[in-house]
Amino acid sequence: MNTSPAWLPNEVLQSIFEKLDLDHLLIAGQICTQWRVNTRSNSIWRNMNISICEKGILCSASHSKRRPPTPKTGFKFSTRLNGCILSTSNSDSILKIAKEVVSSLKPQLAQIQYLRAPFHDITDAHLIQFMTHMPEITSISVERCRHLSVNVIPFIPTLCPKLTSIDLSNTYMDDAAFRFLVRNSHHLEELTLSQCPKVTDEGIIGICKIMASKIRVLKMAACFAVSKDGFRKGLANLALTGEKLEYLDIGSNAASIDYEVMMEFATLRTTKVQPHHYVDNKKLVINIMGDGWEFTKDEVESVQLIDESLNLIHNARMANHSEDGVKEYLSYLMNAY
C-alpha cells in the first residue's frame, strides 16, 4: 500500500485543508508539491477568516499546547495570548517576514473575504496595507480599534468594493466618516456603530436615511451622544423604507428611546402603502435590552399589537424566572444574531 502523502486525491486533500487553521495550512504546504498546490486552492482561502495585528498576520490558536513544527522556509510560530503570530527569532524582522508572507501568498490573499483585528491594536497604515492585498473582502471587524482614525474611511470603499458587513463599534469614527462610508459602500448590508462616542443625531439620521432601503442588520446600541429626537428621525427613515431590515440593536439607549418613540416607529411601519410586504415575511427583531431600560412588558406587547411584524427583545422577559421563561428568553437571544 502506498503511504506517500502524494497518494491522496486532490479532492480529499482540499476537503481536509479547508478545516485547517492558517498556521497548520502553511505548514502543510511545505510537505510536497501536491500539498503546496492544494493548500493554495482559491476555495480554501475564499472562506478563511484572517486576523491581523500591528505585527502582521495572526494564526488561529491550536487546541494543543504543543508548538507547531517549524516550516522549512524559516518561519516559526511564537505563542501570543490565545493565538500564534508569524514571527522570527529576531523580533526586528517580524514586519519583514509578514511582508514576505503577503508577497508569496498574494494570489491567495486576494481571495480573502473575512478580515478581523482581535487584538484591537492596528492603525490606519496596517489596515490599508492588508486591504490593498485583499480586494475580495466582504466583511471587516475592527471593533475597539481605537488607533484607527477617520482618515482610513475613504480607503475602505475603494479598496473593498464588495464590502457587505463592517463592525466599527467602540471606535472614534464620527458622523461624517459614517455618512461617507455608507454612501460609497454600495453593497453594505450590515453596519455596527455601537458605543461610538462621536456619533450624534446628525450621524444617526444620515446613516438611516442613506441605508434605509438596503440595510439588513443595524447595530447602534449605547450611542449616548444621540438624543431622543435623533433616534426618532432615524427610526422614521427605517420605518418608511427599511423593508430589508431584519435586526436592529438599539439597546442601552434608555435615555433617548422610550415607549413613545417605539410606538411612532411601529405606527409608521403599519401606515405604509404596503405595510407588511417585508422580505420573506420575516419578523423584524429589535434588541432594546440595556441597563436602566424602563419598558414594561405591557408596553412591549402594545407596540407589537400595532405592528405584528416586530419581535422586541427586552429586559421584561427576565421577570419570568420559570424554566419555560428562561428557555424562551435564551431562544430570543440565539435567534437575534
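Here is what the cut-offs are and how they apply
- Residues numbered from 1 in each chain as written.
- Predicted model: local features only at pLDDT ≥ 70, side-chain atom pairs only at ≥ 80, totals over all residues.
- Heavy atoms only, no water.
- Helix = DSSP H or I, 4+ residues; strand = E, 2+ residues; numbered from the N terminus.
- Buried < 20%, exposed > 50% of the residue type's maximum accessible area, 1.4 Å probe, protein only.
- Axes fitted to C-alpha atoms, helices over the stretch in contact; angles between N-to-C directions.
- Parallel < 35°, antiparallel > 145°, perpendicular 65-115°, else oblique.
- Left-handed = near helix turned anticlockwise from the far one by under 90°.
- Contact = heavy atoms within 4.5 Å.
- Nonpolar A, V, L, I, M, F, W, Y, C, P; charged D, E, K, R; others polar.
- Phe/Tyr/Trp six-rings, centres within 6.5 Å; stacked < 30°, edge-to-face > 60°.
- pLDDT = per-residue confidence, 0-100.
- Expected span 1.5 Å × (residues − 1).
- Polar contact = N/O pair within 3.5 Å; in protein donor to acceptor, adjacent residues only side chain to side chain.
- Pairing = 2+ DSSP bridges.
- Salt bridge = Lys/Arg side-chain N within 4 Å of Asp/Glu carboxyl O.

Draft legend 1. Broad picture of the overall build of the chain. The number of helices and strands found in the chain is 14 helices and 12 strands. Across the 337 residues in the chain, those meeting the buried criterion constitute 47%.

Draft legend 2. Summary view of the packing of helix α11 (residues 228–241) against helix α12 (residues 259–270). Look at α11 against α12: their axes get within 9 Å of each other, and the N-to-C directions meet at 20 degrees. One element, α11, and the other, α12, form an angle in the roughly parallel class. In this structure, α11 crosses over α12, and the sense of that crossing is right-handed. Only Glu260, Val261, Glu264, Phe265, Leu268 and Arg269 of α12 make contact with α11, whose side of the interface consists of Lys228, Arg232, Leu235, Ala236, Leu238, Ala239 and Leu240. For the contact of α11 with α12, the residue count by class is eight nonpolar, no polar and five charged.

Draft legend 3. Summary view of the packing of aromatic side chains. Enumeration according to the criterion identifies one aromatic pair in this entry. For the pair Phe17 and Trp35, a centre-to-centre distance of 5.5 Å together with 70 degrees between the ring planes defines the contact as edge-to-face. Here Trp35 lies in helix α3 (residues 33–39) and Phe17 lies in helix α1 (residues 10–17), a separation of 18 residues in the sequence. On the accessibility criterion, Phe17 (2% relative accessible area) is buried.

Draft legend 4. Focus on the confidence of the model for the chain. Chain-level statistics for the chain give a pLDDT mean of 77 and a share of 73% at 70 or above. Per-residue pLDDT stays below 50 along residues 60–97; that stretch engages in 65 contacts with residues further than four places along the chain or on separate chains.

Draft legend 5. Geometry of α12. Relative to the 16 Å expected for 12 residues at 1.5 Å per residue, α12 spans 17 Å between its end C-alpha atoms, a close match to the ideal helical length. Every buried residue of α12 is listed here: Val261, Met262, Met263, Phe265, Ala266 and Arg269. On its buried face, α12 is in contact with α11, β11 (284–287), α13 (297–306) and β12 (310–313). Capping the start of α12, Asp258 holds a side-chain oxygen 3.2 Å from the backbone nitrogen of Glu260, two or three residues further along.

Draft legend 6. Region of interest: the pairing of β11. The alternating pattern of β11 places Leu284 and Ile286 and Val285 and Asn287 on opposite faces, both of which are buried. With three bridges connecting them, strand β10 (residues 247–249) and β11 associate as parallel partners. When the sheet's bridge partners are listed, Tyr247 is paired in β11 with Val285. As paired elements, β11 and β12 share four bridges and run parallel to each other. The residue bridging Ile286 from the neighbouring strand is Leu312, located in β12.

Draft legend 7. Fine view of the environment of Glu301. Within the secondary structure, Glu301 sits in helix α13. A C-alpha to C-alpha distance of 9.7 Å links Glu301 and Asn311, two positions 10 residues apart in sequence.

Draft legend 8. How the structure looks around the pattern of salt bridges. For the coordinates displayed, the defined rule picks out 12 salt bridges. Where Glu260 meets Lys228, a salt bridge forms, and the shortest distance between an N and an O atom there is 3.1 Å. Of the two residues, Glu260 sits in helix α12 while Lys228 sits in helix α11, which places them 32 residues apart along the sequence. Accessibility expressed as a relative area gives 41% for Glu260, which makes it partly exposed. Judged by its relative accessible area of 25%, Lys228 falls in the partly exposed class.

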